[in-house]
Amino acid sequence: MLEKDIERVLYSRADIQKVNERLGKQITADYQGKNPLLIGILKGAIVFMTDLIREIDLHVEIDFMDVSSYGAETISSGEVKIIKDLDTSVKGRDIIIIEDIVDTGRTLNYLMAILKTRQANSIKVCTLMDKPSRRIIPVHSDYVGMEVPNEFVVGYGLDYAEQYRNMGSIGVLKPEIYSGK
Ligand SMILES: O=P(O)(O)OC[C@H]1O[C@H](OP(=O)(O)OP(=O)(O)O)[C@H](O)[C@@H]1O
Ligand SMILES: [Mg+2]
């Protein structure tokens, strides 16, 4: 039903699962003997994060932050604010920020600036998708699932006007969806 609004599927559920397995193995290898704190960035990262953590064969903890810059538009307003802060102290912890997508880089840049002041032992970033063609602020991601073209993508946690987060695949919407038909 949801996929009828999709013009082009970029990644199927099976494609995404393979990416999650690869990222999970990398993180498992890199954090041997550690107990990383995975910080999911609401709301987009939740679907990815729930699948990714089950591919990590380590003791991990999870927490969430909501730092929002987009309204119902597909273009960023440029404004970033904290909607929900962490419940856990990151002092001395090895933290991994979990994002669904890095687009302009504004959200990640803001998050890094905040988290760097909190004395974590290490800070790394794992993003399912990277859209480097849209970057406004240079940011570094340590684990990247896939690079996506300069198109607005939905599904697997990513929304258009809060819809399509529950679609299993990732794709590009038909233009008529934006024009309200
Ligand atoms: O690199 P940027 O241009 O900052 O864009 C990336 C951010 O935008 C989206 O979140 P959004 O603010 O839409 O909130 P949501 O996750 O609740 O949809 C996405 O989940 C990233 O957090
Ligand atoms: Mg959004």
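Counting of residues starts from 1 at the beginning of each chain's written sequence and follows it residue by residue. Chains and ligands are labelled sequentially in the order written, the chains with letters from A and the ligands with numbers from 1. Given that the model is predicted, a residue must reach a pLDDT of at least 70 before its local features are reported, and side-chain atom pairs must reach 80 or more before they are shown or counted; all residues, however, enter totals for whole chains, interfaces and linings. Excluding hydrogens and water, the side-chain figures rest on all heavy atoms present in the structure.

Looking at an unreviewed UniProt entry, the chain carries the name Hypoxanthine phosphoribosyltransferase, with the source organism given as Latilactobacillus graminis DSM 20719. Turning to the chain, the UniProt record has this under Function (unreviewed entry): "Purine salvage pathway enzyme that catalyzes the transfer of the ribosyl-5-phosphate group from 5-phospho-alpha-D-ribose 1-diphosphate (PRPP) to the N9 position of the 6-oxopurines hypoxanthine and guanine to form the corresponding ribonucleotides IMP (inosine 5'-monophosphate) and GMP (guanosine 5'-monophosphate), with the release of PPi." UniProt positions are given in the numbering used here, feature names are shortened, and annotations may be inferred rather than shown by experiment. What UniProt records for the chain under Sequence similarities (unreviewed entry) is the sentence "Belongs to the purine/pyrimidine phosphoribosyltransferase family."

K.L.:
Please explain the side chain of Asp63 as it appears in this structure.
P.N.:
Mapped onto the elements of the fold, Asp63 is located in strand S3 (residues 61-68). Think of a polar contact as two N or O atoms within 3.5 Å of one another; within protein, one of them needs to be a possible hydrogen donor and the other a possible acceptor, and neighboring residues in sequence only count if both atoms come from side chains. Only 2.8 Å separates the side chain of Asp63 from the backbone nitrogen of Asp87, close enough to count as a polar contact. Residue contacts for Asp63: discarding those within four places in its chain leaves Leu37, Leu38, Ile39, Gly40, Met49, Lys84, Leu86, Asp87 and Thr88. Numbering goes from the N terminus for both helices and strands, where a helix is a DSSP run of H or I of at least four residues and a strand is a run of E of at least two. We call two residues in contact whenever any of their non-hydrogen atoms come within 4.5 Å of each other.

K.L.:
For this particular structure, what's the right way to read the pattern of salt bridges?
P.N.:
In a structure, side chains of opposite charge can pair up when their charged atoms sit close to one another. What counts as a salt bridge is simple: a side-chain nitrogen of Lys or Arg found within 4 Å of a carboxyl oxygen of Asp or Glu. Scanning all chains against the criterion turns up 13 salt bridges. A salt bridge links Asp103 to Arg134; the shortest N-O distance between them is 2.5 Å. Placement of Asp103 in the loop between strand S5 (94-102) and helix H3 (106-116) and of Arg134 in the loop between strand S6 (122-130) and strand S7 (143-147) is noted, with a sequence separation of 31 residues between them. Several salt bridges converge on common partners, so that one network encompasses Lys43, Asp159, Glu162 and Arg165.

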